[in-house]
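Each chain is listed here by its residues.
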Amino acid sequence: MFTGIITGVGRIAAVHDLGSSLDHGKRLTIEAPGGYLDDVALGDSIALNGACMTVTTLVPEQHRFTIDISAESLDKTAGLARPGPVNLEKALRASDRLGGHIVSGHVDGVGRVTRFEQVGESWHLAVLAPTSLAKYLAYKGSITVNGVSLTVNRVQDGPQGCEISINLIPHTVENTALGALHVDAPVNLEIDLIARYVERMLGPERSVTRKETA
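Residues numbered from 1 in each chain as written. Predicted model: local features only at pLDDT ≥ 70, side-chain atom pairs only at ≥ 80, totals over all residues. Heavy atoms only, no water.

Moving on: the packing of aromatic side chains. Tallying each qualifying case throughout the model produces one aromatic pair. The ring centre of tyrosine 36 lies 4.3 Å from the NZ or CZ of lysine 90, which sits over that ring. (Phe/Tyr/Trp six-rings, centres within 6.5 Å; stacked < 30°, edge-to-face > 60°. Lys NZ or Arg CZ within 6 Å of the ring centre and 35° of its normal.)

Quick look at the structure:
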């Protein structure tokens, strides 16, 4: 589990194919900030742009680690198939502050940036989310964009999807990889975990077959 509070900005330094076909995934070599890996062990979970990944090799003295990402994960996420900046968050400890919201690290869909510009001291970010996610997005609700916990300020449904508007304070732009976004850039989206269960509870009842025992 994660909180959506980014703990470091790293960089995908190298991408290696794990096979020769499209069914094979890739191995990513990640450069982390100095000292970031001091408390990380093999097998630990680190979210990359909001996607939970497992550390497969670790070279702390070079500030590098690798993860293996499957073809399925590559198909369902954005920004993890080529070198570039990436938001990093280590898995939540039971004693940590929950500064953002509960994040699973499972990307629900890929959105597209429709607006990213400075307004006063802040930045206005607008993202077009897939129609399938529209029912989970609400005014003042939570959304994770490339692993960053953010608050939705406006929701507008349309024929091409659901556009959400978000206000980014300078600290967020300066301390995450969101500052590198641009119009038409794809972004990983994760809906609020609570919204999943609310939708399930309020949805149509499903018949349950019970096996009677003598």
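Having put the structure on the table, let's press on.
If you trace the six strands once around the closed barrel, you get β7-β8-β11-β10-β9-β12, paired in antiparallel fashion. Going from strand to strand, the sheet's axes swing by 45 degrees on average, the running direction of each strand aside. (Pairing = 2+ DSSP bridges. Helix = DSSP H or I, 4+ residues; strand = E, 2+ residues; numbered from the N terminus. Axes fitted to C-alpha atoms, helices over the stretch in contact; angles between N-to-C directions.)

Assignment of secondary structure puts glycine 105 in the loop between β6 (84-90) and β7 (109-119). Glycine 105 sits 55 residues away from glycine 50 along the chain, and the two C-alpha atoms are 5.4 Å apart. Beyond its immediate sequence surroundings of up to four residues, glycine 105 is in contact with Phe2, Gly50, Ala51, Cys52 and Glu190. (Contact = heavy atoms within 4.5 Å.)

Another aspect to go through is the sheet that holds β6. Spatial strand order, β1-β2-β5-β4-β3-β6: six strands in a closed barrel with antiparallel pairing. Strand-to-strand twist of the sheet, defined as the mean angle between neighbouring strand axes without regard to direction, takes the value 45 degrees. Summarising the sheet, strand β4 (residues 51-59) and strand β5 (residues 64-69) pair through four bridges and their orientation is antiparallel. Among the inter-strand pairings, valine 55 is bridged to a residue of β5, identified as isoleucine 67.

Another point: the pattern of salt bridges. Proximity of charged atoms lets side chains of opposite charge pair with each other. One pass over the full model with this rule turns up 12 salt bridges. The residue arginine 196 makes a salt bridge to aspartate 108 at a minimum N-O spacing of 2.9 Å. Here arginine 196 is found in helix α3 (residues 193-202), whereas its partner aspartate 108 is found in the loop between β6 and β7, with 88 residues between them in sequence. Note on arginine 196: relative accessible area 25%, which makes it partly exposed. For the salt bridge of glutamate 117 with arginine 115, the shortest nitrogen-to-oxygen distance reads 2.2 Å. Assessed through its relative accessible area of 33%, glutamate 117 is described here as partly exposed. We classify arginine 115 as partly exposed; its relative accessible area is 33%. Several salt bridges converge on common partners, so that one network encompasses Asp39, Lys90 and Arg93. (Salt bridge = Lys/Arg side-chain N within 4 Å of Asp/Glu carboxyl O. Buried < 20%, exposed > 50% of the residue type's maximum accessible area, 1.4 Å probe, protein only.)

As paired strands, strand β1 (residues 8-17) and strand β2 (residues 26-31) are joined by six bridges and run antiparallel to one another. When the bridges of β2 are listed, alanine 14 appears paired with threonine 29. Two elements, β2 and β5, share six bridges in a ladder whose sense is antiparallel. Of the residues in β5, the one forming a bridge with leucine 28 is isoleucine 67.

Remember that the coordinates give geometry; whether it matters functionally is a separate question.
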